[in-house]
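Here are the chains, one letter per residue:
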Amino acid sequence: MVDARGLSCPEPVVLAKKALEGKPESEEVIVDCRPAVENVSRFARANGYTVTVKEDGMETHLYLKKV
């Protein structure tokens, strides 16, 4: 799990990139700002992952799954 709450872009994307380097089947990324949701989602899709977004109060959970 990548906890990127409180971080501004591009830090959430950089952390997601590091987490995906080993090409895991799935990963969870938690963010708390809209640009991070969009940027991490775009990055994950470009690297062969589907993205499921779930809002949970002030934070958003991105569930990435390898296609």
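These notes cover the structure that comes with them. (Residues numbered from 1 in each chain as written. Predicted model: local features only at pLDDT ≥ 70, side-chain atom pairs only at ≥ 80, totals over all residues. Heavy atoms only, no water.)

**Quick word on the pairing of strand β2 (residues 26-31)**
Most of β2 is tucked away, with five of its six residues classed as buried. Here strand β1 (residues 2-3) runs beside β2; their pairing, made up of two bridges, is parallel. Residue pairing in the sheet places aspartate 3 in a bridge with isoleucine 30 of β2. Running through helix α1 (residues 11-20), the crossover from β1 to the neighbouring parallel element β2 is right-handed. (Buried < 20%, exposed > 50% of the residue type's maximum accessible area, 1.4 Å probe, protein only. Helix = DSSP H or I, 4+ residues; strand = E, 2+ residues; numbered from the N terminus. Pairing = 2+ DSSP bridges. Right-handed = clockwise from strand over helix to strand, strands pointing away.)

**A word on unusual backbone geometry**
The amide bond that connects cysteine 9 to the next residue, proline 10, takes the cis arrangement and shows omega of 15°. Its location among the elements puts proline 10 in the loop between β1 and α1. Positive phi, normally seen in glycine, also occurs at lysine 23, with a value near 55°. Tracing the sequence through the fold places lysine 23 in the loop between α1 and β2. With relative accessibility at 58%, the residue lysine 23 sits in the exposed group.

**As for the environment of glutamate 11**
Note on placement: glutamate 11 falls in helix α1. The spatial distance from the C-alpha of glutamate 11 to the C-alpha of lysine 66 is 22 Å, given a sequence separation of 55 residues.

**A closer look at the sheet that holds β1**
Read from one edge to the other, the open sheet built from four strands follows the order β1-β2-β4-β3, with strand pairing classed as mixed. Looking at the sheet topology across the chains shown, the edges are occupied by β1 and β3 (49-56). The sheet strands contacting helix α2 (residues 34-46) are β2, β3 and β4 (59-66), and the helix crosses β3 at an angle near 160°. (Contact = heavy atoms within 4.5 Å. Axes fitted to C-alpha atoms, helices over the stretch in contact; angles between N-to-C directions.)

**Details of the pairing of β4**
Examined bridge by bridge, β2 and β4 share six bridges and lie antiparallel to one another. Counterpart to valine 29 in the pairing with β4 is leucine 62. Direction of pairing for β3 relative to β4: antiparallel, over a ladder of eight bridges. Bridge pairing links tyrosine 49 to lysine 66 in β4. As consecutive antiparallel partners, β3 and β4 are separated by two residues, and within that stretch glycine 57 has a phi angle of approximately 65°, a positive value.

No statement about biological role is implied by the geometric values presented.
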